[in-house]
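An overview of the molecular structure
The lines below spell out each chain.
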Amino acid sequence: MRYAHEVGKVRAAERALMARLPEGALMQRAAAGLASVCARVLPAVYGARVVLLVGGGDNGGDALYAGARLARRGARVHVVQAGSKIHEAGFAALRAAGGRPAAGDPADAIAGADLIVDGLTGIGGTGALREPHARLAALASEAPGLVIACDVPSGVDAGTGEVAGEAVHADITVTFGTHKPGLLIDPGASHCGVVELVDIGLGDDLPDPDVVAARPADVRPPEPGPESDKYRRGVVGVLAGGDAYTGAAVLSTGGAVHGGAGMVRFASVAHPVELVRQHWPEVVTTVIEPGAHDAKVLERVGRVQAWVAGPGLGTGDAAESLLEAVLSTDLPVLVDADGLTVLARRRDLLLRPAPTVLTPHAGELSRLIGAPREDIEARRLEHVRRAAAELSATVLLKGSTTLIAEQDRPVRVNPTGTPRLATAGTGDVLSGLIGALLAGGLPALDAAAAGAYLHGLAARLASAPHPDAAEAPISAQDVVTALPEAFRSLP
Ligand SMILES: NC(=O)C1=CN([C@@H]2O[C@H](COP(=O)(O)OP(=O)(O)OC[C@H]3O[C@@H](n4cnc5c(N)ncnc54)[C@H](OP(=O)(O)O)[C@@H]3O)[C@@H](O)[C@H]2O)[C@@H](O)CC1
Ligand SMILES: Nc1ncnc2c1ncn2[C@@H]1O[C@H](COP(=O)(O)OP(=O)(O)O)[C@@H](O)[C@H]1O
Ligand SMILES: [K+]
């Protein structure tokens, strides 16, 4: 796992470690790590034109000491100072090594640099960047040279990933001690480029992480053993589709079929059942007669280990009764799409002892918790946590970074995916896939996280089947088709 800690915890760990070390030792560790990444990516350090963008805090100090190290190796290092304050000792070290303030318009120095080191703000940055920082951030983002952000791209809120105004778009972010949540969560994450973690020795002083992102080896779908049979591997029941929407039923069922369940049962009104049978002959189907939506329907469907309810189900009384019946069981239930719209008016249905997984996008979450959609998109971490607490459920918030929250657990950030996933029907695939993983016995948080990982991986593989291939547009059905390859590519 990659771990991230909130800013307050990073500062507390730094204080604890600093108390045991000689003054300035921690900043030297950070600067040494930063300088070594700079040296590695430059074709040659000697003669390289390096511009440091330096704010008034310790983030600027890191940049100045790293600049001094590069200057000692022959780089031509210039400083663009933002504001009146500067880290005096760092500035003195840079000057002693031959670095100088940039003369003339900073725009020219930035445009002519081989490498720009962003030391405007780090974990101390709050709110939208002020001037002249904002202009310098914009100039760096547009410059032809490489941009390396020190700790956090300036303008990104390290704790949340919120970007309130202008912010640096880095090629590489060299972060110290631990990841910060804002480096893993959009919109901040998309400003970071490649994130490199420099160990400054915080290890034992850091508490449990607040946010974690899986590495491939962390994703462990249930594996069938020699004793497995279709029932022991887990049966998933899908309640989806209606007379109005049939595609959602086919796609959600497809996610379940390729998600590793021993069997998929599907129930709906006649038309979607017919289509699901055509697409997925291996699925056991039940036709629900119009008007019959109570618990008896579930008995007719047969035994399952987990339910998926909602895609294309409609939002009327029939859908509500079906949802009430399924949430009255003592089985894990995933609710998606139309099911979430119903839940927004029937939150009482969430008061149940068994696990519930909700998979909203920002619009659906907005209805569920009564927060504006724009606020959810700007501050995804805060809202997904709030939703998990208020709704007593595992909440997977879809979008440009998928987050999964469960009360009192670190929030999982999904590292896979592509913006090409933003196409109709891919969410339905995800619901069936997670349902299969739940039926296979994974706990809710692990099932949701593994499902999001495999779904994002399948989308990448569908869009660009090998590393050198250009990305092509994909359909939701392509994601279903690529799921076996996604499973195969796990270590
Ligand atoms: N502590 C340690 O042991 C270690 C810390 N390390 C490093 O220290 C960094 C944290 O340093 P920090 O606490 O000095 O804060 P920092 O990120 O430089 O920001 C403060 C400056 O930004 C300014 N500013 C804020 N918001 C702004 C805005 N919107 N627009 C414009 N300006 C804004 C603010 O100005 P003010 O508001 O005070 O006028 C102040 O000048 C951390 O990220 C890591 O790089 C490493 O060396 C490892 C050891
Ligand atoms: N900008 C984006 N980058 C990456 N993935 C995205 C982006 N926007 C949406 N997605 C993903 O695409 C899928 C869309 O799901 P959803 O909104 O439910 O669509 P639908 O209801 O049409 O199936 C989700 O997995 C979501 O995380
Ligand atoms: K920075």
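This text goes with the structure placed above it.
Since the model is a prediction, treat every value here as computed from it, not as a measurement.

Relative orientation of the contacting elements helix α13 (residues 362-369) and helix α15 (residues 380-391) amounts to 45°, with a least axis distance of 11 Å. Judged by the inter-axis angle, α13 sits oblique to α15. Of the two elements, α13 crosses α15, and the hand of that crossing is left-handed. Only His383, Arg386, Ala387, Glu390 and Leu391 of α15 make contact with α13, whose side of the interface consists of Leu365, Leu368 and Ile369. The class makeup of the residues in the contact of α13 with α15 is five nonpolar, one polar and two charged.

As a matter of local geometry, ligand 1 sits amid 25 residues, with Glu14, Asp62, Gly122, Thr126 and Asp151 nearest to it. Here Ile123 contributes a backbone N or O atom positioned 2.9 Å from an oxygen atom of ligand 1. Contacts to ligand 1 include Thr126, whose backbone N or O atom sits 2.8 Å from a nitrogen atom. Protein burial of ligand 1: of its 930 Å² of free accessible surface, 83% is covered by the chains. Of all the elements in the fold, those that place two or more residues in the shell around ligand 1 are α1 (7-18), α2 (25-41) and α3 (58-72). Its residues placed into classes, the shell around ligand 1 shows eight nonpolar, 10 polar and seven charged.

This part is about the packing of α2 against α3. Relative orientation of the contacting elements α2 and α3 amounts to 55°, with a least axis distance of 8 Å. As the angle between them shows, α2 and α3 are arranged oblique. Seen along the crossing, α2 lies across α3 with a hand that is right-handed. Here α2 contributes Met27, Gln28, Ala30, Ala31, Ala32, Leu34, Ala35, Cys38 and Ala39 to the contact with α3, which in turn contributes Asp58, Gly61, Asp62, Ala63, Tyr65, Ala66, Arg69 and Leu70. Looking at side-chain class alone, the contact of α2 with α3 contains 12 nonpolar, two polar and three charged residues.

This part covers the coordination of the potassium ion (ligand 3). Around the potassium ion (ligand 3), the protein contributes the donor atoms Asn59 (OD1), Asp118 (O), Thr121 (O), Cys150 (O), Val152 (O) and Ser154 (OG), at 2.6 to 3.0 Å from the metal centre. For the potassium ion (ligand 3), all donor residues lie on one chain, and their spacing in sequence is N-x58-D-x2-T-x28-C-x1-V-x1-S. In this pair, Asn59 sits in helix α3 while Thr121 sits in the loop between β5 (115-119) and α6 (133-142), placing the two residues 62 residues apart along the sequence. Exposure class is identical for Asn59 and Thr121. Each is buried.

One open sheet accounts for 11 strands, arranged β1-β9-β18-β17-β16-β15-β14-β13-β10-β11-β12; its pairing is mixed. Looking along the sheet, the strands with just one partner apiece sit at the ends: β1 (2-4) and β12 (284-287). For this sheet the average axis-to-axis angle between neighbouring strands, irrespective of direction, equals 20°. Packing against the sheet, helix α17 (residues 444-463) makes contact with β15 (356-358), β16 (394-397), β17 (403-405) and β18 (411-413), and its axis sits at approximately 175° to β17.

This part is about the site of ligand 2. Close to ligand 2 lie 15 residues, the nearest being Lys398, Gly399, Gly425, Thr426 and Gly427. Backbone polar atom of Leu421 to an oxygen atom of ligand 2: 3.1 Å apart, as the coordinates give it. About the coverage of ligand 2: the protein hides 77% of its 580 Å² of free accessible area. Of the residues assigned to the shell around ligand 2, the class counts are four nonpolar, nine polar and two charged.

On to the sheet that holds β5. As summarised here, the arrangement of the seven strands in space is β4-β3-β2-β5-β6-β7-β8, forming an open sheet in which the pairing is parallel. Every other strand in the sheet has two partners, leaving β4 (100-101) and β8 (194-198) as the edge strands with one partner each. Along the sheet, α2 contacts β5, β6 (146-150), β7 (172-176) and β8; its crossing angle with β7, the most-contacted strand, is approximately 160°. Strands β2 (49-54), β3 (76-81), β5, β6 and β7 of the sheet are contacted by α3, whose axis makes an angle of about 160° with β2.

It is worth spelling out the pairing of strand β11 (residues 263-268) at this point. Summarising burial for β11: six of the six residues are buried, a large majority. Summarising the sheet, strand β10 (residues 235-239) and β11 pair through five bridges and their orientation is parallel. Within β11, the position partnered with Val235 by the bridge is Met263. The β-α-β motif built from β10, the intervening helix α8 (residues 247-257) and the parallel element β11 has right-handed crossover chirality.

Rules used in this analysis
Residues numbered from 1 in each chain as written. Chains lettered and ligands numbered in written order. Predicted model: local features only at pLDDT ≥ 70, side-chain atom pairs only at ≥ 80, totals over all residues. Heavy atoms only, no water. Axes fitted to C-alpha atoms, helices over the stretch in contact; angles between N-to-C directions. Helix = DSSP H or I, 4+ residues; strand = E, 2+ residues; numbered from the N terminus. Parallel < 35°, antiparallel > 145°, perpendicular 65-115°, else oblique. Left-handed = near helix turned anticlockwise from the far one by under 90°. Contact = heavy atoms within 4.5 Å. Nonpolar A, V, L, I, M, F, W, Y, C, P; charged D, E, K, R; others polar. Near = heavy atom within 4 Å. Polar contact = N/O pair within 3.5 Å; in protein donor to acceptor, adjacent residues only side chain to side chain. Areas by Shrake-Rupley, 256 points an atom, 1.4 Å probe, with all protein chains shown as cover. Donors = N, O, S within 2.8 Å, 3.2 Å for Na, K, Ca; no water. Buried < 20%, exposed > 50% of the residue type's maximum accessible area, 1.4 Å probe, protein only. Pairing = 2+ DSSP bridges. Right-handed = clockwise from strand over helix to strand, strands pointing away.

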